[in-house]
Amino acid sequence: MKAGSRYPLQVEVLPDYAALSERAAAIVIELLEEKPDAVLGLPTGGTPVGFYDALVASGVSLARARTFNLDEYLGLPRTHPESYYSFMKRMLYDRTDLRPENCHIPDGNAPDPEAECRRYEEAIRAAGGLDIVLLGVGHNGHIGFNEPGSPWDGRTRVVELAERTREANARFFSSIDEVPRRAITMGIGTILEARRLLLLASGSGKALIVQRLVEGEPTEEVPATALHFHPDATVLLDTEAASLLKR
Ligand code: F6R
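Residues numbered from 1 in each chain as written. Predicted model: local features only at pLDDT ≥ 70, side-chain atom pairs only at ≥ 80, totals over all residues. Heavy atoms only, no water.

## Considering the pattern of salt bridges
On inspection of all chains with the given rule, the structure shows 15 salt bridges. A salt bridge links arginine 155 to glutamate 193, with the nearest nitrogen and oxygen atoms 2.9 Å apart. With arginine 155 in the loop between strand 6 (132–135) and strand 7 (157–160) and glutamate 193 in the loop between helix 6 (188–192) and strand 9 (197–201), this pair connects stretches of sequence that are 38 residues apart. You can call glutamate 193 partly exposed: its relative accessible area is 47%. In this structure, glutamate 163 engages arginine 181 in a salt bridge whose closest nitrogen and oxygen atoms are separated by 3.9 Å. Of the two residues, glutamate 163 is situated in helix 5 (residues 163–169) and arginine 181 in the loop between helix 5 and strand 8 (182–185); the sequence distance between them amounts to 18 residues. Assessed through its relative accessible area of 41%, glutamate 163 is described here as partly exposed. Residue classification places arginine 181 among the exposed positions, given a relative accessible area of 51%. The network of salt bridges with common partners includes Lys35, Asp131 and Arg195. (Salt bridge = Lys/Arg side-chain N within 4 Å of Asp/Glu carboxyl O. Helix = DSSP H or I, 4+ residues; strand = E, 2+ residues; numbered from the N terminus. Buried < 20%, exposed > 50% of the residue type's maximum accessible area, 1.4 Å probe, protein only.)

## Topic: the site of the ligand
Taken together, 14 residues sit near the ligand, with Thr47, Asp71, His142, Gly144 and Lys206 positioned nearest. Here an oxygen atom of the ligand sits 2.8 Å away from a polar atom, N or O, in the side chain of threonine 44. Between the ligand and the protein, one listed contact pairs an oxygen atom with a backbone N or O atom of glycine 144 at 2.7 Å. A total of 410 Å² of accessible area belongs to the ligand in isolation, and the protein chains cover 93% of it. Mapping the ligand onto the cavity grids shows that it belongs to the largest pocket. (Near = heavy atom within 4 Å. Polar contact = N/O pair within 3.5 Å; in protein donor to acceptor, adjacent residues only side chain to side chain. Areas by Shrake-Rupley, 256 points an atom, 1.4 Å probe, with all protein chains shown as cover. 1 Å grid on protein atoms, 1.4 Å probe; cavity = no way out; pocket = protein on both sides within 12 Å on 5 of 7 lines; lining within 4 Å. Sits in = over half its atoms within 2 Å of the grid points.)

## With respect to the sheet that holds strand 8
Reading across from one edge, 4-8-7 is the order of the three strands in this open sheet, with antiparallel pairing throughout. Two strands bound the open sheet, and with one partner strand each, they are strand 4 (71–73) and strand 7. Here the average twist between neighbouring strands, direction ignored, is 30°. Here three bridges tie strand 4 to strand 8, and the two strands are oriented antiparallel to one another. For glutamate 72, the partnering residue across the bridge sits in strand 8 and is isoleucine 184. Of the strands in this sheet, strand 7 and strand 8 are in contact with helix 4 (residues 113–126), which crosses strand 7 at around 125°. (Pairing = 2+ DSSP bridges. Axes fitted to C-alpha atoms, helices over the stretch in contact; angles between N-to-C directions. Contact = heavy atoms within 4.5 Å.)

## Describing the packing of helix 2 (residues 49–58) against helix 3 (residues 84–91)
Any two packed helices are characterised by the angle at which their axes cross and by the distance between the axes. Running from N to C, helix 2 and helix 3 cross one another at 35°; their axes reach a closest spacing of 10 Å. Between helix 2 and helix 3, the residues in contact are Val49, Tyr52 and Val56 and Phe87, Met88 and Met91, respectively. Of the residues in the contact of helix 2 with helix 3, the class split is six nonpolar, no polar and no charged. (Nonpolar A, V, L, I, M, F, W, Y, C, P; charged D, E, K, R; others polar.)

## Some words on the layout of surface pockets
Here the largest pocket defines a volume of roughly 480 Å³. What lines the largest pocket is a set of 28 residues, and nearest its centre among them are Gly45, Val137, Gly138, His142 and Lys206. Among the elements that take part in the lining of the largest pocket, helix 5 stands out by supplying four residues, more than any other. For the lining of the largest pocket, the residue count by class is nine nonpolar, 15 polar and four charged. (Points joined across faces, edges and corners; volume = space filled by probe spheres on them.)

Written as structure tokens, this is what we have:
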């Protein structure tokens, strides 16, 4: 898809975090009912925890689903509790009937990270592309680990994390020095090729970036504004995250 054609962004405001999480789960469950072997792009972080809990609690079968995570830290052992692999194992892989061979996440310890990025893109292609990608958003507007300035047409690649991102993620580690400096992330181009996008934002801390995302002009300085170029992109907000929106 060319960045250039703009589409109306669908915005839904839910009363609170629990309702937001349930709504996101309902959208994914509906997709899985229509297409049990759907290909899901998945985020980590604080925002989607309630979504994973709701998905698991629903008892929906993921036996045929395929999942591709957005990103993974580079150089953090897979067994580290804060690797995104470990997060996904706790949140989803160990709690559902997802088959291990259908759970994909970039290998942050691959001997050749560039080759790993190419392999990951190829695996998404071989799966038939992403049916839906769920996204969180960073305070600086990043999606996946596509930091401000990332190209609209970027593919899966090795990136440097912005200091602001490392500071935000330091809450999961014992000190900021432990937060990796690099990661592998799906690119914005990869994300825009998904058939549907669903961005989740919760809490007053996200209100400013949500305002820039929903009401601002698309700019590579706010990577999440790429959603304006997708024909089927929905932003799910709780009232706090939506508090600075005009309507
Ligand atoms: C994580 C990811 C990031 C997060 C973002 C928001 O896989 O892709 O873009 O979604 O950093 O993180 P939280 O939800 O912790 O505020």
